[in-house]
Amino acid sequence: MKLITISYGLRTHKIMVAARYAGVDLTVEEFFPRGQPEDVVAEFKKKNPNGLIPVLETPEGHLYESNAILRYIARHNENSKLYGSTDFERALVDQYVDWVALYLEPAAGPVLRTYLGYAP
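Let me begin by describing the structure that accompanies this report. What you are looking at is a predicted structure, and each value in this text was computed from that prediction instead of being measured. (Residues numbered from 1 in each chain as written. Predicted model: local features only at pLDDT ≥ 70, side-chain atom pairs only at ≥ 80, totals over all residues. Heavy atoms only, no water.)

**Overview of the pairing of strand β3 (residues 55-58)**
Taking every second residue as pointing to the same face, both faces of β3 are buried, with V55 and E57 on one and L56 and T58 on the other. Pairing of strand β1 (residues 2-5) with β3 involves 3 bridges; the strand directions are antiparallel. Across the sheet, L3 pairs through a bridge with L56, a residue of β3. The loop that links β3 with its antiparallel partner strand β4 (residues 61-64) comprises 2 residues. (Buried < 20%, exposed > 50% of the residue type's maximum accessible area, 1.4 Å probe, protein only. Helix = DSSP H or I, 4+ residues; strand = E, 2+ residues; numbered from the N terminus. Pairing = 2+ DSSP bridges.)

What follows is the structure in structure tokens.
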């Protein structure tokens, strides 16, 4: 599978960590839609109509939205228990993923971008 994204993105990192723990091989294609020619963006929007990254290319089609990709990766390898073994365990995983998206990522993003030198 191929992940189309920027390597320094917070959302990219959580997908890559999940892939490693789930035993899923991903290749990364660096791509940032902003500033690309119109025809390149139009072609990319066939993969994600919102024109945003990350996008995961799978044998079944394209997935976008980092948490949807994250959940797909976590469930992809049947031998991995990364997404839990019971409905309750899966709900606990969903609970944490949602908490991170709503509270941790918005707070951590500006700090990390500044620390890594991507923002003043």
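**Some points on the packing of helix α1 (residues 10-22) against helix α3 (residues 66-76)**
Close contact between α1 and α3 brings their axes to 9 Å; oriented N to C, the two are set at 5°. Relative to α3, the element α1 lies roughly parallel. Each of R11, K14, I15, A18, A19 and A22 in α1 lies in contact with α3, whose residues at this interface are S66, N67, I69, L70 and I73. Residues belonging to the contact of α1 with α3 are distributed by class as follows: 7 nonpolar, 2 polar and 2 charged. (Axes fitted to C-alpha atoms, helices over the stretch in contact; angles between N-to-C directions. Parallel < 35°, antiparallel > 145°, perpendicular 65-115°, else oblique. Contact = heavy atoms within 4.5 Å. Nonpolar A, V, L, I, M, F, W, Y, C, P; charged D, E, K, R; others polar.)

**Examining the packing of α3 against helix α4 (residues 87-115)**
With their axes 11 Å apart at the nearest point, α3 and α4 run at an angle of 155° to one another. Taken as axis vectors, α3 and α4 run roughly antiparallel relative to one another. Considering only the axes of α3 and α4, their crossing is right-handed. Across the interface between the two elements, N67, L70 and R71 of α3 pack against D94, V97, D98 and A101 of α4. Broken down by class, the residue content of the contact of α3 with α4 amounts to 3 nonpolar, 1 polar and 3 charged. (Left-handed = near helix turned anticlockwise from the far one by under 90°.)

**So, α4**
Largest kink in α4: about 45°, centred on L104, with the proline P106 one to four residues after it. Along α4, the positions that sit buried rather than exposed are V97, V100, E105 and G109. Those residues of α4 that are buried lie in contact with α1 and α3. Directly beyond the C-terminal end of α4, a positive phi value near 90° is found at G117. (Bend = angle between axes of the 7 residues up to and from the residue.)

**Side note on the pairing of β4**
Sheet topology places β3 next to β4; 4 bridges connect them, and they run antiparallel. Looking at β4, one finds that V55 is bridged to Y64.

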